[in-house]
Structures are given as structure tokens and as C-alpha cells.
Amino acid sequence: MSRQKTRGIVLSRKLSGEADYICSIYTKDLGRERFIFKGIRKSQKRPRSGSEPGTILDLIYYTGISGTLNTISEFDITVSTLPIRKSSDSIFSLYYMVELIDSTTGFGDINEKIYSLLCAGIDSLAKTEHPLHFIIFFTARYMALQGIMPEITSCSWCGCDGSNGLFIDPVSLRASCGSCSGGGKNLDGEAADFLHQCLSCKFTKINLQQYKNSSVSPLLYALTAYIENYFGIKLKSAEMLGKSALTIR
Ligand SMILES: [Zn+2]
């Protein structure tokens, strides 16, 4: 059993026995893997917060004979979730982010771009005053990275660039120009414009004041439903996030 090092982001955790946590961690070198923190709930020396979803850790671990569960022997918290815990919108956004990656990636699929997106996402979430806008941005970027974001810069029917604006269907996310649009219910113009911005600009370059929470929140539902349908999953944190983001505004 040789010891190895990596850095990773905790995606989920569950209790095992009385004192252990088994966590799904997205690592830089191995992609998503399962790790066990032995005895961490009763440890005086090692902080339990190291196993909290959203935490970024430097890990020293060894792989068991079966190779399915890695045992963490030492860890250092590189980035804690503390700055994100300032508001319920931020914390639910964090839960959504890690659940999204946890439920849509396979074990051992190494993708450094996903790793980097997640690290940058945790950093941005700690800084932004607009967690709802950010989680939509993150989700759209993740979908583009996974190759499942439909093309929304031209009409999906006739291929024109929609110089008079394009409509986006909230279910299929297909774009259509004025002539091809069937007149069904589309995302409103502000939401469609925000989605364009998310896919073409850095988050810090988007003028967020321009996009009201009430206008962009249908995007969160649309993207979530699209992902759930595509992967055949249910994102539990989406409901909490939706409730949190829409109240007291
Ligand atoms: Zn068209």
C-alpha cells in the first residue's frame, strides 16, 4: 500500500459506522473517487469540517486492495466553506454545485476542466453578492463543458442568426427566430439575454444589475430540468435553492 497525494473537492459525505465519513471527492488527478475519513467524528486532532461538501483539501491517502475505497491518512484544508456560509442562498448554491458534479460524473473520469471550474466556482461563490446569478452561470458553463448545452446563438430550425432576437424554449432550450417560433411559451428576453452573457462573458464582466432575480430564476428551473432529464437524475438541492432564492425579494 503506497501513499499518494492529491488535491480534491468534497462533493458529498455520508456517515459510516459511528465515527467514519465516506466522501465522494473530485480530485485533480483521479477525477471523482470515494474516500474514507476513518474515525474523524471522534478525532480531537483532525477537524471534522474537512469532510464537509465544498471543502478543498490536500490529501495523503492510500488505496485498498479492492481499489474502490481510498483511505485518507492525512489532510489539510486549503479552502474552507466558511465564507460561503454567510447566506442561505450561497450555501444552497454550493450544495447545488457539488450535487450537480457528484451526480453527473463517473468514478475515475479524469477531467481537469471540471476540477478547475469547480475550484473557481467555490472561490467566486465566496465573493459574490449574487449567488443566484452565479449558480446559473456555473450551471450553463458546466453544461457547455459537458457538451450538452444547445446552441443558442442561431435559430435551431432555419440557422439564421436571429438579428431581431431569438426565442428560447424553456424545456428543450432550443433557440428559434421570430419566423420559426411556434408562439409557445418562451423564456423572457431578459433571461435569454442573461444566458447568452453567461456563455460568452466572464462572470465578473456581466452587469448583474441589469438582470433581476425574478427574471433569471426561471433559467435555474429550465437548466435544472434539462440536466435532470438528460442524466435521468433528481437534484435534491434544486428545490431548497429555488425556495431560498425566491423568498424575501
Ligand atoms: Zn428560424
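The rules we used
Residues numbered from 1 in each chain as written. Predicted model: local features only at pLDDT ≥ 70, side-chain atom pairs only at ≥ 80, totals over all residues. Heavy atoms only, no water. Pairing = 2+ DSSP bridges. Helix = DSSP H or I, 4+ residues; strand = E, 2+ residues; numbered from the N terminus. Phe/Tyr/Trp six-rings, centres within 6.5 Å; stacked < 30°, edge-to-face > 60°. Lys NZ or Arg CZ within 6 Å of the ring centre and 35° of its normal. Donors = N, O, S within 2.8 Å, 3.2 Å for Na, K, Ca; no water. Tetrahedral: all angles 85-135°; square planar, octahedral: opposite > 155°, others 65-115°. Buried < 20%, exposed > 50% of the residue type's maximum accessible area, 1.4 Å probe, protein only. Axes fitted to C-alpha atoms, helices over the stretch in contact; angles between N-to-C directions. Contact = heavy atoms within 4.5 Å. Parallel < 35°, antiparallel > 145°, perpendicular 65-115°, else oblique. Nonpolar A, V, L, I, M, F, W, Y, C, P; charged D, E, K, R; others polar. Domains from an automatic or database assignment. Buried area = accessible area lost by both parts, 1.4 Å probe. Salt bridge = Lys/Arg side-chain N within 4 Å of Asp/Glu carboxyl O. Polar contact = N/O pair within 3.5 Å; in protein donor to acceptor, adjacent residues only side chain to side chain.

**What about the pairing of strand E4 (residues 56-63)?**
Of the strand pairs in this sheet, strand E1 (residues 3-16) and E4 are connected by 7 bridges, and their pairing is antiparallel. Looking at E4, one finds that threonine 6 is bridged to leucine 59. As paired strands, E4 and strand E5 (residues 70-79) are joined by 8 bridges and run antiparallel to one another. Bridge pairing in E5 places aspartate 58 opposite aspartate 76.

**A few points about the packing of aromatic side chains**
Think of a pair of aromatic rings as described by two things: how far the centres are apart, and how the planes are tilted against each other in angle. Within this structure, the stated rule accounts for 9 aromatic pairs. In this arrangement the basic side chain of arginine 13 is found over the ring face of tyrosine 21, its NZ or CZ atom lying 4.4 Å from the centre.

**Examining the coordination of the zinc ion**
Only Cys155 (SG), Cys158 (SG), Cys177 (SG) and Cys180 (SG) from the protein coordinate the zinc ion, and they sit 2.3 Å from it. For the zinc ion, the 4 donor atoms are set out with angles of 103 to 116 degrees between them, so the coordination reads as tetrahedral. Motif for the zinc ion, donor spacing along one chain: C-x2-C-x18-C-x2-C. Residue cysteine 155 is located in the loop between helix H3 (131-145) and strand E6 (167-168), and its partner cysteine 177 is located in the loop between strand E7 (175-176) and helix H4 (189-200); the two are separated by 22 residues in the primary sequence. Of the residues examined, cysteine 177 reaches a relative accessible area of 6% and is grouped as buried.

**Re unusual backbone geometry**
Residues apart from glycine generally show negative phi values, whereas peptide bonds are mostly found in trans. With a phi angle near 60 degrees, leucine 173 is a residue other than glycine that sits in the positive phi range. Position of leucine 173 relative to the elements: it lies in the loop between E6 and E7.

**Focus on the sheet that holds strand E3 (residues 31-37)**
In space, the 5 strands of this closed barrel follow the order E1-E2-E3-E5-E4, with mixed pairing throughout. Direction aside, the axes of adjacent strands within the sheet are offset by 50 degrees on average. Helix-sheet contacts for helix H1 (residues 88-104) involve E1, strand E2 (20-27) and E3, and the interaxial angle to E1 is about 105 degrees. Relative to the sheet, helix H2 (residues 112-127) contacts E1, E2, E4 and E5, its axis offset from that of E1 by approximately 65 degrees.

**As for the packing of H1 against H2**
Across the interface, H1 lies against H2 with an axial gap of 11 Å and an inter-helix angle of 175 degrees. As the angle between them shows, H1 and H2 are arranged roughly antiparallel. Of the residues in H2, those touching H1 at Ser90, Ser93, Leu94, Met97 and Ile101 are Ile114, Leu118, Gly121, Ile122 and Leu125. Grouping the amino acids of the contact of H1 with H2 by side-chain chemistry returns 7 nonpolar, 3 polar and no charged.

**Overview of the domain arrangement of the chain**
The extent of an interface is frequently quoted as the accessible surface area lost upon association of the parts. We note that the domain assignment places domain 1 (3-80) and domain 2 (83-246) within the chain. In this complex, domain 1 contributes 22 residues to the contact, which on the side of domain 2 involves 19 residues. In total, domain 1 and domain 2 occlude about 1,700 Å² of area from one another, counting both sides; carbon and sulfur atoms represent 61% of this. Of all residues in domain 1, Tyr26, Lys28 and Arg32 give up the largest surface area on contact with domain 2, accounting jointly for 40% of the area buried on that side. Our count for the contact surface shared by domain 1 and domain 2 stands at 3 salt bridges. The partner of aspartate 102 in a salt bridge is arginine 32, with the nearest N and O atoms 3.3 Å apart. Remark: the boundary between domain 1 and domain 2 carries 8 residue pairs in polar contact (both at pLDDT 80 or more). Counting residues per element, the ones that place at least two in the side of domain 1 that touches domain 2 are E1, E2 and E3. Counted by class, the side of domain 1 that touches domain 2 contains 8 nonpolar, 7 polar and 7 charged residues.

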